[in-house]
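# Descriptive analysis of the structure
What follows is the residue order along each chain.
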Amino acid sequence: MNIKVCGLKSEDNINALKQLDLDWMGFIFYEKSPRDVSEEAHLKTALLDENWQSDIKKVGVFVNMRIHDILHYVHDYHLDFVQLHGNERPEYCRELNNLWSMSSMRKAKIIKAFSIGAAEDFEHVQQYERHCAYFLFDTKGEAPGGNGVTFDWKLLDHYQGITPFLLSGGISEAEVPAIKKLTAPQLFGVDINSKFEQAPTIKDVKRIQHFIQMLKN
């Protein structure tokens with residue numbers, strides 16, 4: 001089970017989390033988010049550290065950003081994935097992939113996020129299959145993400161695609177038993193964020209370590 005911790009901003013917090021058995025770390029490049037890192041020069045230094053563990057992948061989270069800007073963030077911050085959390089169309093994803101295929105700039109894989117609140121929210125997911133490495137299913141709410149509550153996971157039965165997905169939205173230790181019971185064949189991992197914060201952007205390292213042990217053991 002892949003585990004992604006998102007919404008990181010503190011260099012000390014990031015360095016502490018590096019010591020855990022994590023798979024991905026997520027960094028939000030969205031100015032309306034309290035976890036926005038797009039103007040944090042110190043974070044770029046941390047992400048470009050030559051001692052960065054290569055087995056922890058770096059994910060940039062974007063909301064309706066210009067493709068040109070995403071290309072530069074991927075290059076400048078050495079991102080491995082871009083997570084598209086807005087209203088990006090399949091054509092947007094296709095153009096990103098095409099530009100990477102024709103460019104010498106650093107390339108990344110695409111994670112497309114979808115807000116889920118009802119069965120019909122899966123209707124347009126199939127259009128993205130050819131263009132994305134992963135999907136992320138989050139709770140539908142007022143914000144593009146980070147609403148801090150889970151959705152009805154029984155709705156996952158309506159996903160019939162082949163693209164692996166991450167489960168997101170208000171996940172804490174309390175959800176581990178339910179996660180372990182999920183039978184969705186394409187479930188690849190979970191994305192955790194606000195439920196593990198001691199303060200805005202500061203994650204509780206010990207709680208996350210416990211969560212990892214609960215989920216992976």
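A brief report on the enclosed structure follows. The structure presented is a predicted model; accordingly, all values stated were derived computationally and were not measured.

### Things to note about the overall build of the chain
- The number of helices and strands found in the chain is six helices and 10 strands.
- Here the C-alpha radius of gyration of the chain, 16 Å, is about what a compact globule of 217 residues would show, namely 17 Å.
- Considered along the principal axes of its C-alpha atoms, the chain spans approximately 40 × 40 × 30 Å.
- Across the chain, contacts joining residues at least 24 apart in sequence account for 62% of those joining residues at least 6 apart.
- As displayed, the chain offers around 10,600 Å² of accessible surface, 47% of which is attributable to carbon and sulfur atoms.
- Put simply, the chain has 25 plus and 30 minus side-chain charges, and the middle of one group is 2 Å from the middle of the other.

### Concerning the pattern of salt bridges
- With the rule as written, the count across this model stands at 11 salt bridges.
- A salt bridge links D191 to K4, with the shortest nitrogen-to-oxygen separation between them at 3.2 Å. Note that D191 is positioned in strand β8 (residues 187-192) and K4 in strand β1 (residues 2-5), a separation of 187 residues in sequence.
- Its relative accessible area of 0% is what places K4 among the buried residues.
- R207 is the partner of E173 in a salt bridge, and the nearest nitrogen-oxygen pair spans 2.7 Å. Taken as a pair, E173 in the loop between β7 (165-168) and α5 (176-181) and R207 in helix α6 (residues 205-216) lie far apart in primary sequence, 34 residues in all.
- Note on E173: relative accessible area 18%, which makes it buried.
- Residue R207 is classed as partly exposed on the basis of its relative accessible area of 27%.

### What to know about the packing of aromatic side chains
- Per the counting criterion, the structure on display carries 21 aromatic pairs.
- Ring plane angle 40° and centroid distance 4.5 Å describe the contact between W24 and F81, whose orientation is recorded as tilted. With W24 in strand β2 (residues 24-28) and F81 in strand β4 (residues 81-84), this residue pair connects regions lying 57 residues apart in the sequence.
- Relative to Y159, the ring of F122 has its centre 6.3 Å away and its plane inclined at 35°; by these criteria the two rings are tilted. Placement of F122 in the loop between β5 (109-116) and β6 (134-139) and of Y159 in the loop between β6 and β7 is noted, with a sequence separation of 37 residues between them.

### As for helix α3 (residues 67-77)
- Along α3, the positions that sit buried rather than exposed are I67, I70, L71, Y73, V74 and Y77. Each buried residue of α3 lies within a common arc of 165° when the element is viewed along its axis, so the set occupies one face.
- Buried residues along α3 sit against α2 (41-47), β3 (57-62), β4 and α4 (90-101).
- Phi turns positive, to about 55°, at H78, one or two residues after α3.

Definitions and limits used
Residues numbered from 1 in each chain as written. Predicted model: local features only at pLDDT ≥ 70, side-chain atom pairs only at ≥ 80, totals over all residues. Heavy atoms only, no water. Helix = DSSP H or I, 4+ residues; strand = E, 2+ residues; numbered from the N terminus. Rg over C-alpha atoms; globule rule 2.2 N^0.38 Å. Contact = heavy atoms within 4.5 Å. Areas by Shrake-Rupley, 256 points an atom, 1.4 Å probe, with all protein chains shown as cover. Lys, Arg positive; Asp, Glu negative; His and termini not counted. Charge placed at Lys NZ, Arg CZ, Asp CG, Glu CD. Salt bridge = Lys/Arg side-chain N within 4 Å of Asp/Glu carboxyl O. Buried < 20%, exposed > 50% of the residue type's maximum accessible area, 1.4 Å probe, protein only. Phe/Tyr/Trp six-rings, centres within 6.5 Å; stacked < 30°, edge-to-face > 60°. Arc of directions from axis to C-beta.

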